[in-house]
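Analysis of the macromolecular model
The chain contents come next:
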Amino acid sequence: GHYDHIFKILLIGDAGVGKSSILLRFTDDAFEEHLASTIGVDFKVKTVHMRGKTLKLTIWDTAGQERFRTLTSSYYRGCHGIILVFDVNDRPSFEHLRTWLDEFELYATSAAAAKLLVGNKVDLDAREVTVEEAQAFARQQATMYIETSAKTRSGILQAFDEIVQKVLDT
Ligand code: GTP
Ligand code: MG
């Protein structure tokens, strides 16, 4: 097919926060209660239409678990946008975002990559991170904060729409 642009978008964040589930919901409109941990790197492709353009998104998903991670620098190479994911019910996953950003800054070849902060699993009733704290962190990173649930679909389309708009503006 013909595309106006091909964009490389990355999902990063701690193990278990729901990166693969967010991707599965976006590309296949599916959800699995017991999804296996990602080993190495996976990616899915989805075509979207925006501002009169046809965009091919290659969305990369890596293991949050250190022992399953490989080829880190090639993962980040040439990326246009990153979606930083944490679980709103898991405070450490929020506190580790700084480490994920440091890794991204170490390896990314394009410092101009667009960023988006996503707080996932809002369908659960065990919140440990407030919307205000997450928004404050997002502001520091000059990025937007969106809450999602891969389970209920809440915020998923909005999150990808936002990152693509931001890539188009970068
Ligand atoms: P790694 O691949 O190990 O880095 O984890 P991951 O970030 O890809 O997490 P994954 O998508 O595998 O999700 C972990 C678990 O959380 C799975 O059992 C999912 O079903 C569940 N999960 C993911 N998103 C949601 C959500 O929005 N709500 C609920 N209730 N569960 C979710
Ligand atoms: Mg995964």
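UniProt, in its Sequence similarities (unreviewed entry) section for the protein chain, records the words "Belongs to the small GTPase superfamily. Rab family."

Quick look at the overall build of the protein chain
Per the secondary structure count, the protein chain includes 6 helices and 6 strands. The order of α-helices and β-strands along the protein chain, N terminus first, is β-α-β-β-α-β-α-α-β-α-β-α. If one aligns the C-alpha atoms of the protein chain with their principal axes, the spans along those axes are about 45 × 35 × 30 Å. Across the 170 residues that make up the protein chain, the buried fraction comes to 48%. Taken as a whole, the protein chain presents about 8,400 Å² of accessible surface, with 51% of it coming from carbon and sulfur.

Describing helix α5 (residues 131-140)
Side chains of residues three or four places apart in an α-helix project in the same direction, reflecting 3.6 residues per turn. Within α5 the residues assigned to the buried category are Ala 134, Phe 137 and Ala 138. Around the axis of α5, the buried residues are gathered within 100° of arc, so they sit on the same side. Exposed residues lying more than 90 degrees from the buried face of α5 are Glu 132, Arg 139 and Gln 140. Where the residues of α5 are buried, they touch β4 (81-87), α3 (91-95), α4 (97-107), β5 (114-120) and β6 (144-147). Taken from the residues just after α5, Ala 142 is the one with a positive phi, measuring 55°.

Points about the coordination of the magnesium ion (ligand 2)
The coordination sphere of the magnesium ion (ligand 2), as far as protein atoms go, consists of Ser 20 (OG) and Thr 38 (OG1), spread over 2.0 to 2.1 Å. One end of the pair, Ser 20, is in helix α1 (residues 19-28); the other, Thr 38, is in the loop between α1 and β2 (41-50), with 18 residues separating them in the sequence.

Comments concerning the packing of α1 against helix α6 (residues 156-169)
Between α1 and α6, the shortest axis-to-axis distance is 10 Å and the interhelical angle comes to 90°. Classified by the interaxial angle, the pair formed by α1 and α6 is roughly perpendicular. In contact with Ile 22, Arg 25 and Phe 26 of α1, α6 contributes Ile 156, Leu 157 and Phe 160. Residue composition of the contact of α1 with α6, by class: 5 nonpolar, no polar and 1 charged.

Examining the sheet that holds β4
Strand order in the open sheet formed by 6 strands is β2-β3-β1-β4-β5-β6, and the pairing between neighbours is mixed. Single-partner strands in this sheet number two, and they are β2 and β6. When strand polarity is set aside, the average angle formed by the axes of neighbouring strands in this sheet is 25°. As judged from the 10 bridges shared by β2 and strand β3 (residues 53-62), these two strands associate in the antiparallel manner. Residue pairing for β3: Lys 46 is matched across the bridge by Leu 57.

How each quantity is defined
Residues numbered from 1 in each chain as written. Chains lettered and ligands numbered in written order. Predicted model: local features only at pLDDT ≥ 70, side-chain atom pairs only at ≥ 80, totals over all residues. Heavy atoms only, no water. UniProt positions renumbered as here; feature names shortened; annotations may be inferred. Helix = DSSP H or I, 4+ residues; strand = E, 2+ residues; numbered from the N terminus. Buried < 20%, exposed > 50% of the residue type's maximum accessible area, 1.4 Å probe, protein only. Areas by Shrake-Rupley, 256 points an atom, 1.4 Å probe, with all protein chains shown as cover. Arc of directions from axis to C-beta. Contact = heavy atoms within 4.5 Å. Donors = N, O, S within 2.8 Å, 3.2 Å for Na, K, Ca; no water. Axes fitted to C-alpha atoms, helices over the stretch in contact; angles between N-to-C directions. Parallel < 35°, antiparallel > 145°, perpendicular 65-115°, else oblique. Nonpolar A, V, L, I, M, F, W, Y, C, P; charged D, E, K, R; others polar. Pairing = 2+ DSSP bridges.

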